[in-house]
Amino acid sequence: MQCRDVEEVLEQDGLAPLPEAARMHVARCPHCRGYLADLETIVSTAHELPAEVEPPSRVWTSLLSQLESEGIIKESAAPAKVAPASWWDGFGQLLRSRALATVTVGAVIAAAALLQLRQPSEKALPPVPPGIQVTLEQLNQQEGLVRNMHLAGASPVDVALEQNLQQIDDFIADCERHLKAEPRDELAREYLYSAYQQKAELLAAMMDRGRSVN
Amino acid sequence: MCTRSMGRSITLAFGAAALLGSSTASMAASPRIERHFVVNGRPVVVIQNVANGRIEVKSSKSQEVAVIATQNSSKINFEMEQAGDRIDVTANVADASAPPLDLETSLQLTVPEETELQLKTENGLIYVEQVMGDMTLESVAGEVHLKEVSGYIIVKTTGGSLVCTQCAGKLDFNSVGGSAQILQPALTNVNLRTTTGNILFDGDFIRTGLYSMKSGKGLVEVRFSGNDSFDLKAQTATGTVDNQAAAFLKPDSHGTVRRFGSKFRGLFGTFGAGLAKVELSTYSGTIRILKRD
């Protein structure tokens, strides 16, 4: 067995008891011993992480102001106009932060998915990790807003975006059904989380488009 | 910022009067703007095109970026700006309530052979030919066609498909509903991901290359040649693997299938010396593996 084979075994089976051939190789290979030690450290550290982390609101505020100062996003418009803003202006302001939040939600989901995939395979995997449930609900709320916004749009791009969103929703539903029946199917889980992330990005793109067109 | 942006704006109404120096403008009444930007090194061309229409980029031997914009109406405002070797072209919709036909515009660019591109559009074809340089191409519903391009190529669409012919370098493709066709490639690193689209890879796997192709519900088809050398992993959750090259693949030389046990749906195989690494997966679609004659 070669180093590459050991890495593959670790990748597939995690730190579960290694096969005899892999153990023999590790015993005489300093590179693999070091690699194994690193993995054990990472896993033990990961286990110490809290299961559910809800960032305080100041984190969002700080993140928002930093992105604004770096010019990555535009500053929030000051309420200079006395005249009442149009319904879309108000909605646009609302979505400005929501678009950012949506992408962040996607990133959180992806990170959680990675952690989830790295858990020892002995444990039964729940269909959706509880810590993510909240963010998924937020995602669904934002989807409702975006769908309402796009109902008025009949351009080919709006129609295409709606179709793509529906495709992702269908795919997510399919994956979730499958995972209820087979919760340890890691490939399905990987696709599910990838779809969540894609959905978050798509919703953010729809919001941005809504702002730029209107 | 708003003032500066307005200053940069070249609309159809004011375009002809505003063009200076090497810029060549057509008649003011004509829905066509042409500008030339002289560059020194390897230019970076950035296009933000929110309108419907085609973006075409081809290369030439000259050290200039030529931009020709055509449109059906005055409902689109073009901004073109040069900052050193960076050229920014932006098309903005002036009247979103205008009928779709009025919002159609197309951009035709001629760039030096070595040029970096950042193109973003919503609808309409993005076509790039014979350009060497890193490129990021984003589209909502439009297709992306690349021919004889090389570099680190990133393509992101929601519904648009990619056709990449004789591309070289590294390719990342990510889409919700778009498909990807990679034809006669010389790519050393390929990462294709689509949720409902199909994937076709028809060409050689470069030795030591890494190839990952994933489709949630679509068909993932790989056609390799007799000269290839790669390790193959094909995996599906609920779909099927149609291995039409079983006679050429050495099965599971690493014993990996045994480790997965009966839960594993897919195959491992090696062709030749197994120098490249190929990973194919689909959630519920079909993986088809073929050897070209």
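Presented here is an overview of the structure given in this document. (Residues numbered from 1 in each chain as written. Chains lettered and ligands numbered in written order. Predicted model: local features only at pLDDT ≥ 70, side-chain atom pairs only at ≥ 80, totals over all residues.)

Considering the overall build of chain A
- Scanning chain A from N- to C-terminus turns up 8 helices and 0 strands.
- Counting helices and strands in the order they occur from the N terminus, chain A gives α-α-α-α-α-α-α-α.
- Within chain A, buried positions represent 26% of all 214 residues.
- When contacts within chain A are restricted to residue pairs at least 6 apart in sequence, long-range pairs at least 24 apart make up 69% of them. (Helix = DSSP H or I, 4+ residues; strand = E, 2+ residues; numbered from the N terminus. Buried ≥ 20, exposed ≤ 12 C-beta atoms within 10 Å, placed from the backbone. Contact = placed C-beta atoms within 7 Å.)

Observations concerning the nonpolar core
- Counting 65 residues, the largest nonpolar core has V45(B), V65(B) and V128(B) as its most contacted members.
- For this core, the element with the most residues is strand 3 (residues 44-52) of chain B, which contributes 4 residues.
- Structurally, this core is a two-domain feature, drawing no fewer than three residues from each of domain 1 (1-44 + 51-111) and domain 2 (143-293) of chain B.
- One finds L139(A), V157(A), L165(A) and F171(A) within the second-largest nonpolar core, a separate group that totals 29 residues. (Core = buried A, V, L, I, M, F, W, Y, C linked by C-beta atoms within 7 Å. Domains from an automatic or database assignment.)

Details of the interface of chain A and chain B
- Contact with chain A, which involves 29 residues of that partner, is made by 26 residues of chain B.
- Elements with a contribution of two residues or more to the side of chain A that touches chain B: helix 1 (3-13), helix 7 (156-181) and helix 8 (186-213) of chain A.
- With 12 residues, helix 7 of chain A is the largest single contributor of residues to the side of chain A that touches chain B.
- Here the side of chain A that touches chain B is composed, by residue class, of 15 nonpolar, 9 polar and 5 charged. (Nonpolar A, V, L, I, M, F, W, Y, C, P; charged D, E, K, R; others polar.)

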